[in-house]
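This is what each chain is made of:
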Amino acid sequence: MRHLTILILSTLTMNLSYSQINEIGVFVGGSNFIGDLGATNYISPNAPSIGFLYKWNKSKRHSWRASVIYSDLKAYDSKSDDPRRQQRNYDFDSNLLEISAGLEFSFMDFDLHSGEKIVTPYLYSGLTTTKHDDYYYLNGTQTPDNTSSWAIGIPMVLGFKASIIKGFVFGIEVGARYTFSDGIEGSLPADPAKQAYRFGNINNNDWYVFSGFTLTYTFGENPCYCFN
């Protein structure tokens, strides 16, 4: 029985080691905010963002993905098409750190060991947790609350990736993040004592968008993709 157990564990370990490939790399691009302050354009990057990402390719179509992205998120009422926001003329600048994990689905087979040049569009979604500084507005001026909060969200990413040079994957993607928070820009202060300073529609939660490029380096064993 002991020998049978060892044989089964050895077989499973061997199958796992040959059924995966890893990617590690960077994300470089821009960000924009959609909420109760600033412009309402869905894709309009106005601040830099940079991050790191890792993928574990379970099959030719599915990859588990994790990332950490930092951005100096900004928004300006003066850039809005809404005359009421232009007249209000608020603006904010916040440090934002996002941690995300989920599943990436490729529309076409993406076998990194085929030896061929391959391309495919893809979708990514999962969960995010985002750390942001807390603010409120005093006499129209963004005022730090000297605290920070975490906002849970859902990423919705559409991208296109290609493996043209062996060992590297280049991608371009646009990803909106819906958050379960209405306080990223300070329209709903985190401090209950400052609720008098809230503004905007408290029934609409905040969104932000990352647009940019990814470059990953691939490593790992040649996968068998036995469970497609």
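Structure: above.
In this numbering scheme, every chain counts its residues from 1 along its sequence in written order. In keeping with the predicted nature of the model, local features appear solely for residues at pLDDT of at least 70, side-chain atom pairs appear and are counted solely at 80 or more, and the whole-chain, interface and lining totals rest on all residues. As a rule here, side-chain values come from all non-hydrogen atoms in the structure, and water together with hydrogens is ignored.

**Q** Sorry, what's going on with the pattern of salt bridges here?
**A** Oppositely charged side chains are able to pair whenever their charged atoms sit close together. Salt bridge, as used here: a side-chain nitrogen of Lys or Arg that lies within 4 Å of a carboxyl oxygen of Asp or Glu. Counted under the stated rule, the structure contains 11 salt bridges. Glu173 is the salt-bridge partner of Arg65, the closest N and O atoms lying 2.9 Å from each other. Here Arg65 is found in strand S3 (residues 62–76), whereas its partner Glu173 is found in strand S7 (residues 168–179), with 108 residues between them in sequence. We note a salt bridge from Glu98 to Arg177, for which the minimum N-O separation is 2.9 Å. Linking Glu98 in strand S4 (residues 91–106) with Arg177 in strand S7, this pair joins segments that are 79 residues apart in sequence. Overlapping salt bridges, with partners in common, bring together Lys55, Arg65, Glu104, Lys161 and Glu173 in one network. A run of DSSP states H or I qualifies as a helix once it reaches four residues; a run of E qualifies as a strand once it reaches two. Both are numbered from the N-terminal end.

**Q** Teacher, can you tell me more about the sheet that holds strand S1 (residues 21–34) here?
**A** Spatially, S1-S2-S3-S4-S5-S6-S7-S8 is the arrangement adopted by the eight strands of the closed barrel, whose pairing is antiparallel. The mean inter-strand angle of the sheet, taken between neighbouring strand axes irrespective of direction, is 20°. At least two DSSP bridges between two strands are needed for those strands to be called paired. Axes, fitted as lines to C-alpha atoms, cover a helix only where it is in contact. Angles between the N-to-C directions of the axes lie from 0 to 180 degrees.

**Q** Honestly, the pairing of strand S6 (residues 141–163) in this entry has me stumped. Any pointers?
**A** A regular strand carries its side chains on alternate faces of the sheet. Pairing geometry for strand S5 (residues 118–138) and S6, over 18 bridges, is antiparallel. Bridge assignment links Tyr122 to a residue of S6, and that residue is Gly159. Taking the residues between adjacent antiparallel strands as the criterion, S5 and S6 are bridged by two residues, where Asn139 takes a positive phi near 55°. Two strands pair when backbone bridges link them, and S6 and S7 are joined in this way by 10 bridges, in the antiparallel orientation. Bridging from a neighbouring strand, Leu158 pairs with Val174 of S7. Hairpin connection of S6 to S7: four residues between the antiparallel strands, including Gly167 at a positive phi of 95°.

**Q** What am I meant to see in the packing of aromatic side chains here?
**A** Aromatic rings in a pair are described by how distant their centres are and how their planes are angled relative to each other. Classification of ring pairs uses Phe, Tyr and Trp, with its six-membered ring standing for Trp, and accepts pairs whose centres are within 6.5 Å; under 30 degrees between planes counts as stacked, over 60 as edge-to-face, and the remaining range as tilted. Evaluated as defined, the whole model comprises 13 aromatic pairs. Ring geometry for Phe105 against Phe107: centres 5.7 Å apart, planes inclined by 70°, an arrangement best described as edge-to-face. A relative accessible area of 29% places Phe105 in the partly exposed class. Ring centres 5.1 Å apart and planes at 65° place the aromatic pair Tyr178 and Trp207 in the edge-to-face group. Type-normalised accessible area, obtained with a 1.4 Å probe on protein chains alone, sets the label of each residue: buried when under 20%, exposed when over 50%, and partly exposed for intermediate values.

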